[in-house]
Amino acid sequence: MAQSSTLPDMSAEQARGRRMDRIRGLSHAMAVGCLVTCGLLVAAMAIYWALTPIRTLFSQAGIQDAPATEIDILVRLLAFGISMVPLGTLIYGLLSARRCFASFAAGRIFSSESIKHLKAFSIAVAGSALLKPFAGAALSVLLSSRAAPGSMTMALNIGSDTIIALIFAGTMAIIAGVMAEALDIADENKQFV
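Nothing here was measured: the structure is a model prediction, and the numbers come from that model.

A. Main features of a nonpolar patch on the surface. On the surface, a cluster of nonpolar side chains totalling about 550 Å² of accessible area is made up of F134, L156, I158, I163 and I167. Take L156: it is sitting in the loop between α4 (112–144) and α5 (160–192). On the basis of relative accessibility, which here comes to 49%, the residue L156 falls in the partly exposed class.

B. Broad picture of the environment of G107. By the element assignment, G107 lies in the loop between α3 (73–105) and α4. Taking the C-alpha atoms as reference points, G107 and S27, separated by 80 residues in sequence, lie 9.7 Å from one another. Beyond its immediate stretch of four places on either side in the chain, G107 contacts M20 and R24.

C. Local environment of the nonpolar core. Ranked by size, the top nonpolar core spans 38 residues in total, and within it W49, F58, I71, L118, F121 and L143 carry the most contacts. Elements supplying a minimum of two residues to this core: α1 (2–51), α2 (54–60), α3, α4 and α5. Ranked by the residues each element gives to this core, the list is headed by α3, at ten residues.

D. Seen up close, the packing of α4 against α5. Between α4 and α5, the least distance of the axes is 8 Å, while the angle of their chain directions is 165°. Relative to α5, the element α4 is oriented roughly antiparallel. Read as a crossing pair, α4 and α5 show a hand that is left-handed. Its residues assigned to classes, the contact of α4 with α5 comprises 19 nonpolar, four polar and three charged.

E. A look at the pattern of salt bridges. A full pass over the atoms with the stated rule returns four salt bridges. Between R76 and E70 there is a salt bridge; the shortest N-O distance is 2.4 Å. The shortest N-O distance in the salt bridge between R108 and E113 comes to 2.9 Å.

F. Highlighting the side chain of S128. Within the secondary structure, S128 is located in helix α4. Setting aside residues no more than four positions away along its own chain, S128 makes contact with P86, T89 and L90.

G. Representation of the packing of α3 against α4 in the model. Across the interface, α3 lies against α4 with an axial gap of 8 Å and an inter-helix angle of 170°. Judged by the angle between their axes, α3 and α4 are roughly antiparallel. Looking at the contact of α3 with α4 residue by residue, the classes come out as 23 nonpolar, nine polar and three charged.

What counts and what doesn't
- Residues numbered from 1 in each chain as written.
- Predicted model: local features only at pLDDT ≥ 70, side-chain atom pairs only at ≥ 80, totals over all residues.
- Heavy atoms only, no water.
- Patch = residues over 30% accessible without salt bridge, like charges linked within 9 Å, V, L, I, M, F, W, Y side chains within 5 Å.
- Areas by Shrake-Rupley, 256 points an atom, 1.4 Å probe, with all protein chains shown as cover.
- Salt bridge = Lys/Arg side-chain N within 4 Å of Asp/Glu carboxyl O.
- Helix = DSSP H or I, 4+ residues; strand = E, 2+ residues; numbered from the N terminus.
- Buried < 20%, exposed > 50% of the residue type's maximum accessible area, 1.4 Å probe, protein only.
- Contact = heavy atoms within 4.5 Å.
- Core = buried A, V, L, I, M, F, W, Y, C linked by side-chain atoms within 4.5 Å.
- Axes fitted to C-alpha atoms, helices over the stretch in contact; angles between N-to-C directions.
- Parallel < 35°, antiparallel > 145°, perpendicular 65-115°, else oblique.
- Left-handed = near helix turned anticlockwise from the far one by under 90°.
- Nonpolar A, V, L, I, M, F, W, Y, C, P; charged D, E, K, R; others polar.

Nothing here speaks to function; it is geometry throughout.
This is the structure:
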């Protein structure tokens with residue numbers, strides 16, 4: 001009789017061990033993916049502002065009339081800097097997510113460290129989403145200042161991607177809050193034992 005009660009416990013423990021191994025492996029891959037994505041985002045933004053034709057830049061900024069001449073490197077550098085504000089915020093968030101995944105990979109699933117990094121990730125995603133329309137408006141003013149006289153434009157775009165990013169950030173913030181509550185309950189239960 002004692003053997004039958006320990007066998008299910010052993011298989012449940014083995015199943016939990018396999019789940020934890022899977023979580024650790026996937027978390028490690030996600031941590032690496034976050035870091036690689038950060039580098040690729042910066043490189044892609046630099047390539048975009050260095051190589052994109054002027055007509056494409058202006059149309060994507062919501063400006064109708066592109067100048068006939070090329071914009072100078074200073075304007076492209078300023079535009080890159082403006083674009084990096086929301087992107088830099090997102091990169092900070094991805095680095096926070098990387099630290100959260102690294103905690104998971106180390107087996108610290110319900111820890112104050114992983115919860116703190118998950119909260120930072122959600123705040124950064126929300127911040128990036130909120131900054132993006134303002135960066136776009138600043139870019140439209142910067143680029144249109146190089147167009148024909150009297151054609152200064154300010155384009156403020158709020159798209160579904162902004163709303164989806166805010167919903168995602170809110171979801172992650174709630175999950176972090178639930179994890180914090182679970183950690184508090186677990187700590188309270190440890191005090192009773």
